[in-house]
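Examining the three-dimensional arrangement
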Amino acid sequence: MADSSSERLKSKVDLELLKPKHSLKKSQLANDLLVVLRQKVSEYPATHQLKGCSEFILFCCKLIENLVLKKDKIDKKELLKDVFKQLFNLQAPELLVLDATVEFLWSNGLICKIPFSKKTINWFKKKVSCFL
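Residues numbered from 1 in each chain as written. Predicted model: local features only at pLDDT ≥ 70, side-chain atom pairs only at ≥ 80, totals over all residues. Heavy atoms only, no water.

**A look at the environment of Asn-122**
For the record, the criterion: Think of it this way: any DSSP run of H or I at least four residues long counts as a helix, any run of E at least two long counts as a strand, and we number them from the N terminus. Residue burial is assigned from relative accessible area. The probe radius is 1.4 Å, only protein chains are included, and a residue is buried under 20% of its type maximum, exposed over 50%, and partly exposed in between.
Residue placement: Asn-122 occurs in helix α6 (residues 116-131). Residue Asn-122 is classed as partly exposed on the basis of its relative accessible area, which comes to 41%. Along the backbone, Asn-122 and Arg-38 are 84 residues apart, and their C-alpha atoms lie at a distance of 25 Å.

**A look at the nonpolar core**
What counts, and what does not: Nonpolar cores are built from buried Ala, Val, Leu, Ile, Met, Phe, Trp, Tyr and Cys residues. Side-chain atoms within 4.5 Å join them into one set. Contacts are assigned to residue pairs that have any heavy atoms within 4.5 Å of one another.
Formed by 27 residues in total, the largest nonpolar core has its most connected members in Phe-56, Leu-79, Leu-80, Phe-84 and Leu-98. Among the secondary structure elements, those contributing two or more residues to this core are α2 (22-42), α3 (54-67), α4 (76-88) and α5 (92-107). With residues near it in sequence (within four places) discarded, Leu-79 still touches Lys-26, Ala-30, Leu-33, Ile-64, Val-68 and Ile-74.

**Looking at the packing of aromatic side chains**
Quick note on the threshold: Note on aromatic contacts: the rings of Phe and Tyr and the six-membered ring of Trp form a pair at centre separations within 6.5 Å, being stacked when their planes are under 30 degrees apart, edge-to-face when over 60 apart, and tilted otherwise.
Applying the stated criterion to the full structure yields 4 aromatic pairs. Ring centres of Phe-56 and Phe-59 lie 6.3 Å apart, and the angle between their planes is 25°; this geometry places the pair in the stacked category. Residue Phe-56 and its partner Phe-59 are both found in helix α3; the two are separated by 3 residues, about one turn of the helix. Relative accessible area serves as the criterion here: at 33%, Phe-59 is assigned to the partly exposed category.

**Quick look at a nonpolar patch on the surface**
Here is the rule: Residues qualify for a patch when their relative accessible area is over 30% and they have no salt bridge, like charges being joined within 9 Å and the nonpolar side chains of Val, Leu, Ile, Met, Phe, Trp and Tyr within 5 Å. Surface accessibility in these figures is a Shrake-Rupley result with a 1.4 Å probe; residues are shielded only by whichever protein chains are displayed. Note on definitions: salt bridges are taken to be side-chain nitrogens of Lys or Arg within 4 Å of carboxyl oxygens of Asp or Glu.
On the surface, Leu-9, Val-13 and Leu-18 cluster together into a nonpolar patch covering about 260 Å² of accessible area. Here Val-13 lies in the loop between α1 (2-12) and α2. Relative accessible area serves as the criterion here: at 34%, Val-13 is assigned to the partly exposed category.

Note that every value here comes from positions in space, so none of it alone points to a role or purpose.
This is the structure we're talking about:
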(Lines give C-alpha, C1' and ligand atoms only; values in the text may rest on other atoms or scores of the structure.)
Protein backbone atom coordinates (compact mmCIF):
# COMPACT_ATOMS: atom_id res chain seq x y z
CA MET A 1 0.00 0.00 0.00
CA ALA A 2 2.74 2.45 0.98
CA ASP A 3 4.77 1.56 -2.11
CA SER A 4 1.93 2.42 -4.47
CA SER A 5 1.32 5.70 -2.60
CA SER A 6 4.95 6.74 -2.88
CA GLU A 7 5.00 5.73 -6.55
CA ARG A 8 1.90 7.84 -7.25
CA LEU A 9 3.46 10.75 -5.40
CA LYS A 10 6.71 10.43 -7.36
CA SER A 11 4.78 10.40 -10.63
CA LYS A 12 3.04 13.69 -9.71
CA VAL A 13 5.85 15.64 -8.00
CA ASP A 14 9.62 15.61 -8.31
CA LEU A 15 10.64 15.39 -4.65
CA GLU A 16 14.21 16.46 -5.44
CA LEU A 17 12.90 19.95 -6.16
CA LEU A 18 11.45 20.36 -2.68
CA LYS A 19 14.26 21.36 -0.33
CA PRO A 20 13.89 21.75 3.46
CA LYS A 21 14.33 25.26 4.85
CA HIS A 22 14.64 27.04 8.20
CA SER A 23 13.85 24.84 11.23
CA LEU A 24 13.48 21.69 9.11
CA LYS A 25 16.91 22.32 7.56
CA LYS A 26 18.38 22.96 11.02
CA SER A 27 16.96 19.73 12.43
CA GLN A 28 18.21 17.82 9.39
CA LEU A 29 21.73 19.27 9.79
CA ALA A 30 21.68 18.59 13.53
CA ASN A 31 20.66 14.99 12.93
CA ASP A 32 23.40 14.49 10.31
CA LEU A 33 25.91 16.06 12.69
CA LEU A 34 24.79 13.81 15.53
CA VAL A 35 25.35 10.72 13.40
CA VAL A 36 28.88 11.80 12.50
CA LEU A 37 29.79 12.83 16.06
CA ARG A 38 28.39 9.65 17.63
CA GLN A 39 30.58 7.66 15.26
CA LYS A 40 33.57 9.84 16.17
CA VAL A 41 32.88 9.51 19.92
CA SER A 42 32.78 5.72 19.62
CA GLU A 43 36.39 5.77 18.35
CA TYR A 44 37.70 7.08 21.68
CA PRO A 45 38.01 5.14 24.94
CA ALA A 46 35.18 5.61 27.44
CA THR A 47 37.56 7.11 29.99
CA HIS A 48 38.25 10.15 27.81
CA GLN A 49 35.95 13.06 28.69
CA LEU A 50 35.07 14.45 25.27
CA LYS A 51 32.44 16.93 26.41
CA GLY A 52 35.13 19.07 28.05
CA CYS A 53 37.95 18.32 25.61
CA SER A 54 39.00 21.47 23.72
CA GLU A 55 40.26 19.45 20.76
CA PHE A 56 36.93 17.64 20.33
CA ILE A 57 35.00 20.92 20.68
CA LEU A 58 37.30 22.48 18.04
CA PHE A 59 36.71 19.48 15.76
CA CYS A 60 32.93 19.93 16.14
CA CYS A 61 33.17 23.68 15.55
CA LYS A 62 35.20 23.20 12.38
CA LEU A 63 32.76 20.56 11.18
CA ILE A 64 29.81 22.91 11.73
CA GLU A 65 31.70 25.83 10.16
CA ASN A 66 32.21 23.81 6.98
CA LEU A 67 28.77 22.20 7.03
CA VAL A 68 26.46 25.17 7.64
CA LEU A 69 26.26 27.76 4.90
CA LYS A 70 25.54 31.45 5.45
CA LYS A 71 22.39 31.22 3.33
CA ASP A 72 20.97 28.61 5.74
CA LYS A 73 20.70 31.35 8.41
CA ILE A 74 21.41 28.93 11.26
CA ASP A 75 23.18 30.07 14.43
CA LYS A 76 26.22 27.80 14.50
CA LYS A 77 26.87 28.18 18.22
CA GLU A 78 23.26 27.26 19.05
CA LEU A 79 23.51 24.26 16.73
CA LEU A 80 26.64 23.13 18.56
CA LYS A 81 24.92 23.55 21.92
CA ASP A 82 21.88 21.57 20.74
CA VAL A 83 24.07 18.76 19.42
CA PHE A 84 26.12 18.61 22.62
CA LYS A 85 22.93 18.59 24.73
CA GLN A 86 21.70 15.57 22.81
CA LEU A 87 25.08 13.87 22.69
CA PHE A 88 26.21 14.34 26.30
CA ASN A 89 23.04 15.46 28.20
CA LEU A 90 24.69 18.72 29.25
CA GLN A 91 23.24 20.87 32.04
CA ALA A 92 23.24 24.69 32.26
CA PRO A 93 26.68 25.07 33.96
CA GLU A 94 28.29 22.75 31.41
CA LEU A 95 26.68 24.73 28.58
CA LEU A 96 28.25 27.90 29.97
CA VAL A 97 31.68 26.23 29.91
CA LEU A 98 31.03 25.05 26.35
CA ASP A 99 29.98 28.57 25.36
CA ALA A 100 33.13 30.06 26.90
CA THR A 101 35.32 27.47 25.17
CA VAL A 102 33.75 28.23 21.78
CA GLU A 103 34.22 31.98 22.36
CA PHE A 104 37.88 31.37 23.22
CA LEU A 105 38.43 29.24 20.11
CA TRP A 106 36.68 31.82 17.92
CA SER A 107 38.51 34.82 19.36
CA ASN A 108 41.88 33.12 18.78
CA GLY A 109 41.05 32.34 15.15
CA LEU A 110 41.11 28.57 15.53
CA ILE A 111 37.65 28.01 14.02
CA CYS A 112 37.95 28.42 10.27
CA LYS A 113 36.75 26.96 7.01
CA ILE A 114 38.89 24.50 5.10
CA PRO A 115 40.60 26.48 2.31
CA PHE A 116 39.40 25.82 -1.23
CA SER A 117 42.94 24.96 -2.32
CA LYS A 118 43.16 22.21 0.30
CA LYS A 119 39.78 20.82 -0.80
CA THR A 120 40.92 20.85 -4.42
CA ILE A 121 44.19 19.07 -3.64
CA ASN A 122 42.34 16.44 -1.60
CA TRP A 123 39.82 15.91 -4.44
CA PHE A 124 42.65 15.58 -6.96
CA LYS A 125 44.49 13.02 -4.78
CA LYS A 126 41.31 10.93 -4.54
CA LYS A 127 40.84 11.00 -8.31
CA VAL A 128 44.48 10.12 -9.02
CA SER A 129 44.50 7.30 -6.47
CA CYS A 130 41.72 5.59 -8.43
CA PHE A 131 44.03 5.27 -11.42
CA LEU A 132 47.02 3.90 -9.51
